[in-house]
Amino acid sequence: MADVLYTNVRIFDGGGEAPFTGDVLVQGNTISRVVKTGFGQRLPPSSSTIAGAQVIDAGGAFLMPGMVEAHTHFSWNDQPSLDAIQRMPPEEHILWCAEVAKKYLDMGWTSCVGAAAAKPRLDVVIRNAINDGTIVGPRYLAASQEITVPGGLGDTTQPHLPQPEFAFGAIVSGAEEMRRCVRMFAKYGVDSLKINLSGESITGMPGEMSQFTEEEIRVCVEEAKAWGKRVAAHARSAWSVKQCVKQGIEVIYHASFTDEEALDMLEAKKLEHFVAPGLAWLINTSHHASQWGLTPEVTKKMGYHRELEAAIDSMKAMRKRGIRILPGGDYGFAWTPHGTNAKDLEYFVRHVGMSTMEALLSATAWGGPMMKMGKRIGYIREGCLADLLLIDGDPLADITVLQDKARILSVMKDGQWHRAPPVRNARATRWAA
Ligand SMILES: [Zn+2]
C-alpha cells in the first residue's frame, strides 16, 4: 500500500493531552511523522497524491489510535445461553468467529484480547488465520476455553451426558488435572489460560462463590508461566480477586465484589494487573434481557442488581487508586451483541465517573501493555505502529460517537486500510449537520 499522509486532523495521540491539529505520515506499517500545524477547516475528507503518498485531507476530523478490547469472545454467538453458544457445530462456529473478528475491526477495535473460546482451538485458529492473512481481523491474543471444576461455571454437561464435548469449559479436578489441562492448551498454541475462579449467578453458582482450591490455582499459574503463557481469571468474588494478586494472575475480569483488603492488595501491584469489569454484561443482564425471559424481577432474584451496584462501587474505588480499568467484557450474548463494545466507554463515563479522556485512554494507551505490545500501539507517535481511526465527531465531547460505525470514517491496521475514508463529494463543501 502507498504511504498515507493525513492532513488537517485533530490528533488525540494517546498521551492524555488535549488534541492538536496537525499532519500524520504513515510509511509502511509505521507512523513516521507527526507534525503540529494550525487550526483546520472542518470539511469532509478529500484525497490526492503527493510524491507517491495518498493524501487524506481530513477536514478537521478526529484521528485517534485504534482501540483495544480487553475481554473478547469471538466464539460467543449472540445467543442467550452458554448451551446455545457451545452447541454450535465446529464448522459453523469457526466461520462465525471469522465474521465476528471482521466486525470488531469494522467498529474500530484494531486489537482484541481473547478471554476464552467456546471450543478448545477456535481462538488459536482465528488468531493464526488473521496473522497469515487468510481472514480479516484485529491483532489478537488467543485464549483457552474457560477452565472450571465439575459443577462450576462452564460445566454444562448433563449427568447422563458427562462427555467433555458437551462442556462449555474445560473441566478439571485436582492439581494434576489442572496441570494436564494447561499443558494441553499450551500444546494447542494459546496465548493465555482462562480460569474461572468464581461463579456466575446465571449459571446457578453465585458470583460471590469461589470454586477452585488455592493449590489448583497455584498449579495453573505455575504451569502457564513455565510455558510462557499469561493467565486471566473470571473473578467476581473478593476471595478470587485476592487470589489473582496473591498468585500473579495478570488479567482480572469482573472484580465485582471487593473489600478493603482486595483493593489494597491490588493497588500495591497496580502495574502488574489489568481489570476489565465487563459492566455491559451486568447492566444489560440486569435491565435489558426481558425478551429472553430475564426480566428485572428474575435478574434481581439472581443477585445481578446487587452485583451491579457492588461492581460500580468497586470500579469507582479502583479508579481512585489508579488501577487500570479497561473496556471489554462478555459481548456476544443476545443482549450484549458483538459490535456494541464501545458502550463500555459510555458506561465508564456514566457509571464509574471517568472523564471522556480517561475512557479514551483506557481503550488506547492501556491497550498496548494489555496486548503485550508496550507502547508500540495505543499512541500516535513517531515509531508506533499505524493503527488509526478517523472519527467524524469528538469522542472527548461525546464518547458515544464511537458506537456508530458511520462516524468511524476510516480504520487502519498496521498501516493498511481496513476501511479507507469516504472521499469528498465534489458538491459537498461542508460536513452533513
Ligand atoms: Zn467473559
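Summary of the structure given here. Note that this is a predicted model, so its numbers are computed, not measured.

**Overview of the environment of Val-26**
Argument step 1. Within the fold, Val-26 resides in strand S2 (residues 20-27).
Argument step 2. We classify Val-26 as buried; its relative accessible area is 1%.
Argument step 3. Apart from residues lying up to four places away in sequence, Val-26 is in contact with Asp-3, Val-4, Tyr-6, Ala-386, Leu-388, Met-412 and Gly-415.

**Some points on the layout of surface pockets**
Argument step 1. Roughly 350 Å³ of volume is contained in the largest pocket.
Argument step 2. Taken together, 17 residues form the lining of the largest pocket, with Pro-120, Gln-145, Pro-164, Ala-170 and Met-184 sitting closest to its centre.
Argument step 3. Listing elements by their share of the lining of the largest pocket, those giving two or more residues are strand S11 (170-171) and helix H4 (175-188).
Argument step 4. Split by residue class, the lining of the largest pocket holds ten nonpolar, three polar and four charged.
Argument step 5. As for the second largest pocket, its lining consists of 15 residues, of which Leu-82, Asp-83, Thr-156, Ile-202 and Thr-203 are closest to the centre.
Argument step 6. For the lining of the second largest pocket, the class distribution of residues is seven nonpolar, six polar and two charged.

**Re the packing of aromatic side chains**
Argument step 1. Taken as a whole and assessed by the stated rule, the structure comprises eleven aromatic pairs.
Argument step 2. A ring pair is formed by Phe-12 and Phe-62, whose centres lie 6.1 Å apart and whose planes are at 15°; its orientation type is stacked. With Phe-12 in the loop between strand S1 (4-11) and S2 and Phe-62 in strand S6 (residues 62-65), this pair connects stretches of sequence that are 50 residues apart.
Argument step 3. We classify Phe-12 as buried; its relative accessible area is 0%.
Argument step 4. You can call Phe-62 buried: its relative accessible area is 1%.

**Looking at the packing of helix H8 (residues 279-287) against helix H10 (residues 304-320)**
Argument step 1. In contact at an axis separation of 9 Å, H8 and H10 are set at 145° when each is read in the N-to-C sense. Where H8 crosses over H10, the handedness of that crossing is left-handed. Contacts from Leu-279, Trp-281, Leu-282, Ile-283, Thr-285, Ser-286 and His-287 of H8 reach H10 at Tyr-304, His-305, Glu-307, Leu-308 and Ala-311.
Argument step 2. Grouping the amino acids of the contact of H8 with H10 by side-chain chemistry returns seven nonpolar, four polar and one charged.

**Some thoughts on the coordination of the zinc ion**
In an ideal tetrahedron of four donors about a metal, each angle is 109.5 degrees. In an ideal octahedron of six donors, the angles are 90 or 180 degrees.
Argument step 1. Protein ligation of the zinc ion involves His-71 (NE2), His-73 (NE2) and Asp-330 (OD), the donor distances falling in the range 2.1 to 2.2 Å.
Argument step 2. Coordination of the zinc ion draws on donor residues from a single chain, spaced H-x1-H-x256-D in sequence. One end of the pair, His-71, is in strand S7 (residues 67-72); the other, Asp-330, is in the loop between H10 and helix H11 (343-352), with 259 residues separating them in the sequence. For the pair His-71 and Asp-330, one class covers both residues: buried.

**Brief notes about the state of the cysteines**
Argument step 1. One pass over the structure, following the stated rule, counts zero disulfides.
Argument step 2. We note that Cys-181 lacks a disulfide partner, and the nearest cysteine sulfur, in Cys-220, lies 7.9 Å from it.
Argument step 3. Looking at Cys-181, the relative accessible area reads 6%, which means it is buried.

Cut-offs and rules
Residues numbered from 1 in each chain as written. Predicted model: local features only at pLDDT ≥ 70, side-chain atom pairs only at ≥ 80, totals over all residues. Heavy atoms only, no water. Helix = DSSP H or I, 4+ residues; strand = E, 2+ residues; numbered from the N terminus. Buried < 20%, exposed > 50% of the residue type's maximum accessible area, 1.4 Å probe, protein only. Contact = heavy atoms within 4.5 Å. 1 Å grid on protein atoms, 1.4 Å probe; cavity = no way out; pocket = protein on both sides within 12 Å on 5 of 7 lines; lining within 4 Å. Points joined across faces, edges and corners; volume = space filled by probe spheres on them. Nonpolar A, V, L, I, M, F, W, Y, C, P; charged D, E, K, R; others polar. Phe/Tyr/Trp six-rings, centres within 6.5 Å; stacked < 30°, edge-to-face > 60°. Axes fitted to C-alpha atoms, helices over the stretch in contact; angles between N-to-C directions. Left-handed = near helix turned anticlockwise from the far one by under 90°. Donors = N, O, S within 2.8 Å, 3.2 Å for Na, K, Ca; no water. Disulfide = S-S within 2.5 Å.

Fair warning: the whole summary comes from geometry, so function is off the table for now.
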